[in-house]
Amino acid sequence: MENQATRNRPARRREERRARLHGRLVIAAVAGCAVLGTVLMLLPAERPATRAPVPAPAPGAQARTAVTAGVPAALPDLAALIGERESHLRRHPEDAQSWAVLGTAYVEQGRRTADTTFYAKAEDNLRTSLKVRRSAEALGGLAALANARRDFRTARTWGEEARQLEPRRWTTYPALIDAYTGLGDYKAARGALERLTELRSGPAVMARAAAVYRDRGWREDAAAQLADAAAGAQAPAERAAYLERAGQLAWERGDREDALRHFQEAVRIDPDQRAAQAGQGRALAALGRTTEALNAYRTALAKQPLPQYALELGELYESLGLGQAARVQYDLLRAAVERAAAGGADEELVLGQFEADHGDPASAVQRLRAEWLRQPGIAVADALGWALHRAGQDREALRYARIATDKVHGGGVRSAPYAYHLGMIERASQRYAPARRHLREALQINPYFSPSGARAAREALAALGDVPDEGLPEEDGADEGGADEGGTATDAKAVTPRPYR
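Caption draft 1: Region of interest: unusual backbone geometry. One non-glycine residue, alanine 114, adopts positive backbone phi at about 60 degrees. Tracing the backbone through its elements, the reader meets alanine 114 in the loop between α4 (96-113) and α5 (117-132). Given a relative accessible area of 22%, alanine 114 falls into the partly exposed group. At glutamine 430, a position not held by glycine, the phi torsion is positive, near 65 degrees. In this fold, glutamine 430 is placed in the loop between α22 (416-428) and α23 (432-445). Note on glutamine 430: relative accessible area 59%, which makes it exposed.

Have a look at this one:
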């Protein structure tokens, strides 16, 4: 037995050594796991090396997305897109889509800079696209070009052709809405918006709906749509554009501080947002911050020399008693109108507005009559009515002023200048009760609508005294009924004010 135990002793020792080694390995493994766990806990939750970064789209690609979707694009991105497409087309001249994209980019660049030489380039490229292949994209670009030139009849023609070719292409409908609005066809504009909202949703559609709602007098609905559009905008330039429009709505209702906040935020996001800079000029002037207002207007005009900005700055100078400075701006206005005409753009409306108040009212009447025959929108009706009043033709002036404020057949926009013009024409026509009502309405809508106009409205109301608002006829039989030469109904019963939403 002893010999057997002696023989088994080495085997038992080997087993004991294996057991001890196994125990050490287990302990080492557990300790290693504990150390590794501690190290992992100390590392960042997400290590950069574990996920490849997503590259930002190139500026040209960003602008192309914006241009093809019909939304505002940043000027530097537009320049990058134009350079890239021009280079591409030198190698691939049969690319119809690229010709259309390039032409539409030129439209946007011309609109943002007020340089109408870009419009001629846009037209060349868009027509080249049509020669290569007829497409709704090129036709829609030509519609956008015509709208930018304020040629609304041509815009309607191109837009309707694009719609017939590709009815479900949603980007055609914004151009049609602009064209119909410019022609005073508000029923067609609303129909185009309904079709647009059936095909598409999102910020661009919300912004377009806001414009239609504003024209109908639905200011709260318009403001809500713009707030949602700005919140959902993908690019800074797009968001800045929607903020500028929201600022304009705030300005139109006389909220100077809110308007200024929107304009300032728009410029902060997109320093090339010149419409917002001009908007700052309006709001700052109304707040009595005239030095800042003048600087804002000058900045806007330096980069986007629109005649409208020159007119507003000139009137601000005039209200401050700076006649010579005002005349400089009026000269710049005339020069800007001439440049626009050379580029195929129609600025007869703003030139007529200028001539009515600061130049030759008879010339204003002649220009605006022709404009009314071309495109009888509400803005033209208001300007023509005021020009006729300034030229001493108050009977006919009243007719057009009523068209501009017709809540049934017209757009229904709540406009302090329109109400002011109607009230002053009624006062001159010895219709004192409605004159008082409309002048009061103008100041209720926006007490700061014009440096000189708001003051004149207050003075006229004071001169009218306490005139009863009820019991006096507004019209006489000679002015009632019928249709104007542009085909817009002007039944006197249709202009009775209705509650606004």
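Caption draft 2: Main features of helix α8 (residues 172-182). Counting buried residues along α8, 9 of its 11 residues qualify, which places the element largely inside the surrounding structure. Residues Thr172, Tyr173, Pro174, Ala175, Leu176, Ile177, Ala179, Tyr180 and Gly182 constitute the buried set of α8. Looking at the buried positions of α8, the neighbouring elements they touch are α6 (136-148), α7 (152-165), α9 (186-199) and α10 (203-215).

Caption draft 3: Seen up close, the pattern of salt bridges. Under the counting rule described, the total for this entry stands at 26 salt bridges. Its salt-bridge partner being arginine 208, residue aspartate 178 comes within 2.6 Å of it at the nearest N-O pair. In this pair, aspartate 178 is assigned in helix α8 and arginine 208 in helix α10, connecting sequence segments 30 residues apart. Two residues, arginine 261 and aspartate 258, come together in a salt bridge whose shortest N-O distance is 3.5 Å. Placement of both arginine 261 and aspartate 258 in helix α13 (residues 256-269) is noted, with a separation of 3 residues, approximately one turn of the helix. Salt bridges sharing partners connect three or more residues here, namely Arg150, Asp346, Glu371 and Arg374.

Caption draft 4: How the structure looks around empty space enclosed by the protein. Inspection of every chain in the model, using the stated rule, returns 2 cavities of 30 Å³ or more. Roughly 40 Å³ of volume is contained in the second largest cavity. If you trace the second largest cavity, you find it lined by Thr181, Tyr186, Ala189, Arg190, Val212, Asp215 and Arg216. Elements that contribute at least two residues to the lining of the second largest cavity include exactly α9 and α10. The element best represented in the lining of the second largest cavity is α9, accounting for 3 residues. The residue makeup of the lining of the second largest cavity, split by class, is 3 nonpolar, 1 polar and 3 charged.

Caption draft 5: Looking closely at the nonpolar core. Formed by 67 residues in total, the largest nonpolar core has its most connected members in Ile177, Leu196 and Tyr242. Considering each element in turn, this core owes the most residues, 8 residues, to helix α12 (residues 236-252). Setting aside chain neighbours within four positions, we find tyrosine 242 in contact with Val71, Pro72, Pro203, Ala204, Ala207, Leu226, Ala229, Ala230 and Ala233. Grouped together as the second largest cluster of nonpolar side chains are 40 residues, Leu349, Ala404, Leu422 and Leu464 included.

Caption draft 6: How the structure looks around the environment of histidine 358. Following the sequence through the fold, histidine 358 ends up in helix α18 (residues 348-358). On the accessibility criterion, histidine 358 (26% relative accessible area) is partly exposed. In this structure, the C-alpha to C-alpha distance between histidine 358 and tyrosine 330, residues 28 residues apart in sequence, is 8.6 Å. Leave out the neighbours within four places in its chain, and histidine 358 touches Leu311, Glu315, Glu318 and Tyr330. A distance of 2.9 Å separates a polar atom in the side chain of histidine 358 from a polar atom in the side chain of glutamate 315. Side-chain polar atoms of histidine 358 contact the side chain of tyrosine 330, separated by 3.5 Å.

Caption draft 7: Structural view of the packing of helix α15 (residues 290-303) against helix α16 (residues 307-319). The N-to-C vectors of α15 and α16 enclose an angle of 155 degrees; their axes lie 10 Å apart at closest approach. Considering their axes alone, α15 and α16 lie roughly antiparallel with respect to each other. Classified by chirality, the crossing of α16 by α15 is left-handed. For the pair α15 and α16, contact is made by Ala293, Leu294, Tyr297, Arg298, Ala300 and Leu301 and by Tyr309, Ala310, Glu312, Leu313, Leu316 and Tyr317, respectively. Of the residues in the contact of α15 with α16, the class split is 10 nonpolar, no polar and 2 charged.

Caption draft 8: Up close: the layout of surface pockets. One number sums up the size of the second largest pocket: a volume of about 420 Å³. If you trace the second largest pocket, you find 23 residues lining it, with Thr65, Val71, Gln234, Ala235 and Glu238 closest to the centre. For the lining of the second largest pocket, the secondary-structure elements that each account for two or more residues are α2 (59-69), α10 and α12. At 5 residues, α2 tops the list of elements feeding residues into the lining of the second largest pocket. Residues of the lining of the second largest pocket, tallied by class, amount to 15 nonpolar, 5 polar and 3 charged.

Caption draft 9: The arrangement of the confidence of the model for the chain in detail. Per-chain confidence: the chain averages 86 in pLDDT, with 80% of residues scoring 70 or above. Between residues 471-501, whose pLDDT stays under 50, and residues either more than four places distant or in other chains, the model counts 61 contacts.

Caption draft 10: Quick peek at the environment of isoleucine 177. Considering the arrangement of structural elements, one finds isoleucine 177 in helix α8. With a relative accessible area of 2%, isoleucine 177 lands in the buried category.

The rules behind these values
Residues numbered from 1 in each chain as written. Predicted model: local features only at pLDDT ≥ 70, side-chain atom pairs only at ≥ 80, totals over all residues. Heavy atoms only, no water. Helix = DSSP H or I, 4+ residues; strand = E, 2+ residues; numbered from the N terminus. Buried < 20%, exposed > 50% of the residue type's maximum accessible area, 1.4 Å probe, protein only. Contact = heavy atoms within 4.5 Å. Salt bridge = Lys/Arg side-chain N within 4 Å of Asp/Glu carboxyl O. 1 Å grid on protein atoms, 1.4 Å probe; cavity = no way out; pocket = protein on both sides within 12 Å on 5 of 7 lines; lining within 4 Å. Points joined across faces, edges and corners; volume = space filled by probe spheres on them. Nonpolar A, V, L, I, M, F, W, Y, C, P; charged D, E, K, R; others polar. Core = buried A, V, L, I, M, F, W, Y, C linked by side-chain atoms within 4.5 Å. Polar contact = N/O pair within 3.5 Å; in protein donor to acceptor, adjacent residues only side chain to side chain. Axes fitted to C-alpha atoms, helices over the stretch in contact; angles between N-to-C directions. Parallel < 35°, antiparallel > 145°, perpendicular 65-115°, else oblique. Left-handed = near helix turned anticlockwise from the far one by under 90°. pLDDT = per-residue confidence, 0-100.

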